[in-house]
Amino acid sequence: MGAGTGPPCDVGSRRQGPVATMKVAFLLLWLSLLPQPARAPIPCGPDLLGPAEVGGFTRGIGVSSTILHGESEERDCAYVTQRYEGKIVITCDEGSLNITTEGCFPRRCPTWQSLTVKIGEASVSASPINTIASGALEWRLCRNLDTLYRGKYIMFCNFGELSVDTSRCATQWDPMDLPPWDKRSRHFSLGLVDGAVLMLGGLGDAGPLREVWQWDPIEGSVEGTWTPTKKIPPWSGRFGIAAVRQERESGEQVMIFGGNDNQNRRDVWRWLRHQAIISLLLEESNATGTQARDCAISDDVLRCHAQQGVSGRKWHLSHYLEESTEVHLDVLHDAGPGGVPPGAVGAGAMVIAIELDHCRQIFRAEGGSWSATGCTGVQPPWARAEEAAIRLGPHGAAYPGQQRQLRFFLDRARQEIVLYSDGVPMVPPGAAPGQLGVPVGGGGCRDYGLTMRDENDTSLASCPNAEPPVTKMHLRVIEAVVWPEARIALRSLRVKAPAGYWQPIVDAAPWPARSSHSAVGLPDGDILLMGGVGESGLLNDVWRWTPRQCTLLSDMYPLDASRYALECIYPCKASPLYGQWYQLRNAPWAARQEHAAVYTVSGVILLGGRTAQGFENDVWKWSYYGDFCTLSWEGEWQQLLAAAPWEPRHGMALVGFPRPGETLPETILIIGGFGGYQPYSKIIRGQPQAGEDKIIPRSDIWCANKDFQNWRGWTEIAPRGPFSPRAQSAAVIAPTLWRPSTCTSSNMVASALCNCGWGSEVWRA
């Protein structure tokens, strides 16, 4: 083997070198394409913390136990701050914590949360009705905290903390100033149109009361003043009356019916709030003159015809009319049949005499003219020769044979009487500027030491130097007489009665005497009278007064007709003052007393009372329609509830609330009354009763509304009042305190005055 040669294997190796390199590279590439083993993820342990910011608060937070990469855990937002609720989301990311607080929000106040609220003297627990968001509020009714409060309070939620603002809560009932009248029960009160209140009669410590008090509101205030009427009423002291307020052409008036003055009554009286013209009964007069027999009344006309002497009538006025300001006569003065023709002056004299205090002023129509003489004698011919007389008005103003409307105005400020004939003042000649009448007692004189002269400076009358003969000018007597060869036909005599006058309407109505009954005014001006207790016991009769007269004798005087029941079979005519009572069918409800009734938009609502079986809690409705004297006009009773949810009772107060701008109530409220089980079958005042039989006075308040199950749904406004339990009290609506609402909105407010029974206190709601 020669030098420089190697073994065969070496030669081969060198020849295959590039191929081997490629194989190695390919192998490495193939190996790189094979799946690589996974790298282990990094978990997050409980010792790892991260910052979490919630509502401005920051706190380190971690997971409760180890979680792997990509896993999440929720933590309460309250972990950072109790003011927030919701969830914090913590996510593990390769050993790091990713913390999200977007799910956190201010803590709400749930319905199960509560707090103690102090209102008045009581502390009660209150909770939201619905969950309240933080920063939001909920309006709540104060009466839900205490039924003696009205208004709304605010419940706030602040990051889960409840708080309330009760500053808007006000007491539902507030005591008013103690009144000056003595304690009483079984009285009657009415609200007047301007917010005043009239309180009538009642039963006091000494027995039935003969009193009338009026409460007048003070402008801009919820208070008022009580004053007794100027004169004691002419009716006897009584309790258990019924009364109705009406608006008539003469103004606002109150009618009262019956009552008990130690015996039941059936008289009717009318109270005039303002001055009003009233008629005097022509037959309620006395004869005057020498030929009194020559005066007679026929066809509602008083006729006096003097043949030789003086013939006339005179009317004595009660002290209730002494402050009347006007006298009206509708009179015809002539010479009688076959006498001088109308317009002639040959008829005898007609004299109208008016007595003021103790001075008779006469006005004489004779020869076509009027004249006046003051402070004459007390019997015709009155005027004496030495007394001054003065002509009034123009000549011819008193021509006989013509119907005249005479009006005498009693000017108390000037102490004058002004005579108007058919609206024209009869001014004395030479009167001072602005003077229309003659001074009382001085004929044509105003200054009793001067001589009055006419336009030609001729002496008309020499006036005595004397003091004015009158002070108050109280109206005492009115007389109308004629001299021989004269006749008068007096169709009406009226006076303008003072405010507060009580006018007797009928002394004995056709319905049985009674007390503890009810009466309501109807929209057409009629009046409905129901139930009560009479001499024969409890009553369930129903009477309707209407301003009509339907009698067999068409010329029956209206006052006489008012004593008889109306009968539809006879001809009818208007009788606006006296009217007549028509007896409707007896009611289907049990005879009762001390029930309550009010006229509403649906008709009369009558409820409760005391029957022979005990106390009642039934509710009835009476409604009517149609023409006069038809069956539908007589009305129909419907029982709404045999047993209302309030306990049976009698002697409760009842008021009705109309909507603003309306007149008829559509919400009614009952207050207190006598209740309890077992009702004593016979009430004995002042005598102790067994505990199980004791009659329980109440102070709860219940409400019903037309739109709430048509008067069938009753809501208890308050289980008790702030006043002591009582019955036989009175409550009225006072517009000056008016806050309209209905009991279906649980914010019912009774804008009323309560003259509470057997006490001398007044509450306002």
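Residues numbered from 1 in each chain as written. Predicted model: local features only at pLDDT ≥ 70, side-chain atom pairs only at ≥ 80, totals over all residues. Heavy atoms only, no water.

## Quick look at the environment of alanine 389
If you trace the backbone, alanine 389 turns up in strand S33 (residues 389-392). For alanine 389, a relative accessible area of 38% corresponds to the partly exposed category. Alanine 389 sits 15 residues away from glycine 374 along the chain, and the two C-alpha atoms are 7.6 Å apart. (Helix = DSSP H or I, 4+ residues; strand = E, 2+ residues; numbered from the N terminus. Buried < 20%, exposed > 50% of the residue type's maximum accessible area, 1.4 Å probe, protein only.)

## A short note on empty space enclosed by the protein
Throughout the structure, instances matching the rule amount to three cavities of 30 Å³ or more. Its boundaries defined by the atoms lining it, the largest cavity holds a volume of some 80 Å³. Put simply, the parts of the chain that give the lining of the largest cavity at least two residues each are strand S29 (326-334) and strand S34 (402-411). The class makeup of the residues in the lining of the largest cavity is nine nonpolar, two polar and one charged. As for the second largest cavity, its lining consists of Met255, Phe257, Val268, Ile505, Val506, Trp545, Tyr578 and Trp581. Looking at the lining of the second largest cavity, the elements with two or more residues in it are strand S22 (251-260) and strand S42 (501-506). Classifying every residue of the lining of the second largest cavity by side-chain character gives eight nonpolar, no polar and no charged. (1 Å grid on protein atoms, 1.4 Å probe; cavity = no way out; pocket = protein on both sides within 12 Å on 5 of 7 lines; lining within 4 Å. Points joined across faces, edges and corners; volume = space filled by probe spheres on them. Nonpolar A, V, L, I, M, F, W, Y, C, P; charged D, E, K, R; others polar.)

## So, the environment of tryptophan 139
Along the polypeptide, tryptophan 139 turns up in strand S9 (residues 137-141). Using a relative accessible area of 44% as the deciding quantity, one classes tryptophan 139 as partly exposed. Put simply, tryptophan 139 and valine 164 are 25 residues apart on the chain and 9.7 Å apart in space, counted from C-alpha to C-alpha. Sequence-distant contacts of tryptophan 139, defined by excluding residues within four places in its chain, comprise Lys152, Tyr153, Ile154 and Arg168. (Contact = heavy atoms within 4.5 Å.)

## A short note on the pattern of salt bridges
The final tally for this structure, using the stated rule, is 37 salt bridges. Note that glutamate 138 is salt-bridged to arginine 140, the shortest N-O span being 3.6 Å. Arginine 140 sits in the buried class, given a relative accessible area of 11%. What emerges from the salt-bridge pattern is a single network uniting Asp194, Arg245, Glu247, Glu252 and Arg273. (Salt bridge = Lys/Arg side-chain N within 4 Å of Asp/Glu carboxyl O.)

## Things to note about the packing of aromatic side chains
Counted under the stated rule, the structure contains 13 aromatic pairs. Their ring planes at 85° and their centres at 5.5 Å tell us that tryptophan 235 and tryptophan 502 sit as a pair that is edge-to-face. Highlighted residues: tryptophan 235 in the loop between strand S20 (224-228) and strand S21 (242-248) and tryptophan 502 in strand S42, separated in sequence by 267 residues. The pair tryptophan 235 / tryptophan 502 is uniform in exposure class, with both members buried. Ring geometry for tryptophan 511 versus tryptophan 581: centroids 5.8 Å apart, planes at 85°, classification edge-to-face. Taken as a pair, tryptophan 511 in the loop between S42 and strand S43 (514-515) and tryptophan 581 in strand S49 (residues 580-583) lie far apart in primary sequence, 70 residues in all. In this structure, tryptophan 511 and tryptophan 581 share a single accessibility class: buried. Through a chain of ring-to-ring contacts, the aromatic side chains of Trp235, Trp271 and Trp502 assemble into a single cluster. For the cation-ring pair, arginine 75 lies above tyrosine 79, with the distance from its terminal atom to the ring centre recorded as 4.9 Å. In this structure, arginine 544 packs its charged tip against the face of tyrosine 624, placed 4.3 Å from the ring centre. (Phe/Tyr/Trp six-rings, centres within 6.5 Å; stacked < 30°, edge-to-face > 60°. Lys NZ or Arg CZ within 6 Å of the ring centre and 35° of its normal.)

## Points about the sheet that holds strand S16 (residues 197-200)
Across the sheet, which stays open at both edges, the four strands sit in the order S15-S16-S19-S20 with antiparallel pairing between neighbours. A strand with exactly one partner marks an edge of an open sheet, and here the two such strands are strand S15 (188-191) and S20. Between one strand axis and the next, the sheet turns by 20° as a mean value, whatever way the strands run. Sheet analysis places strand S19 (residues 212-217) next to S20, joined by five bridges and oriented antiparallel. (Pairing = 2+ DSSP bridges. Axes fitted to C-alpha atoms, helices over the stretch in contact; angles between N-to-C directions.)

## Looking at the nonpolar core
With 50 residues, the main nonpolar core has Trp370 and Phe408 as its most contacted residues. Ranked by residues supplied to this core, first place goes to strand S41 (residues 486-497) with six residues. (Core = buried A, V, L, I, M, F, W, Y, C linked by side-chain atoms within 4.5 Å.)

## Considering the pairing of strand S11 (residues 152-158)
With five bridges connecting them, S9 and S11 associate as antiparallel partners. Residue pairing across strands places tryptophan 139 opposite isoleucine 154, the latter belonging to S11. Sheet topology note: the S11/strand S12 (residues 161-165) ladder contains five bridges and is antiparallel. The residue of S12 that forms the bridge with methionine 155 is valine 164. Here S11 hands over to S12 after two residues, with phenylalanine 159 in that stretch at a positive phi of 50°.

## Some details on the state of the cysteines
Under the definition given, this model contains seven disulfides. The residue that forms a disulfide with cysteine 77 is cysteine 104, at a sulfur-sulfur distance of 1.9 Å. Between cysteine 77 and cysteine 104, the S-S torsion sits near -90°, and that sign places the bridge as left-handed. One end of the pair, cysteine 77, is in the loop between strand S3 (72-76) and strand S4 (84-93); the other, cysteine 104, is in strand S6 (residues 104-106), and 27 residues separate them in sequence. (Disulfide = S-S within 2.5 Å.)

## Quick look at the confidence of the model for the protein chain
Averaged over every residue, the pLDDT of the protein chain is 85; the share at 70 or more is 84%. Low pLDDT, under 50, characterises residues 1-15; the stretch is placed with zero contacts to residues that sit more than four places away or in other chains. Every residue in residues 738-742 scores below 50 in pLDDT, and together they form 17 contacts with partners more than four places removed in sequence or on other chains. (pLDDT = per-residue confidence, 0-100.)

## Topic: unusual backbone geometry
Positive phi values are uncommon outside glycine, yet cysteine 629 reaches one of about 70°. Relative to the elements of secondary structure, cysteine 629 occurs in the loop between strand S52 (614-623) and helix H5 (631-634). One non-glycine residue, asparagine 710, lies in positive phi territory at about 50°. Note that asparagine 710 resides in the loop between strand S57 (696-705) and strand S58 (714-718).

## Observations regarding the layout of surface pockets
Volume-wise, the second largest pocket comes out at about 710 Å³. Around the second largest pocket sit 27 residues that line it, and Ser279, Arg494, Pro576, Leu577 and Tyr578 are the ones nearest its centre. Listed by contribution, the elements that provide at least two residues to the lining of the second largest pocket are S22, strand S24 (276-279), S41 and strand S48 (572-574). Sorting elements by how many residues they give to the lining of the second largest pocket places S41 first, with four residues.

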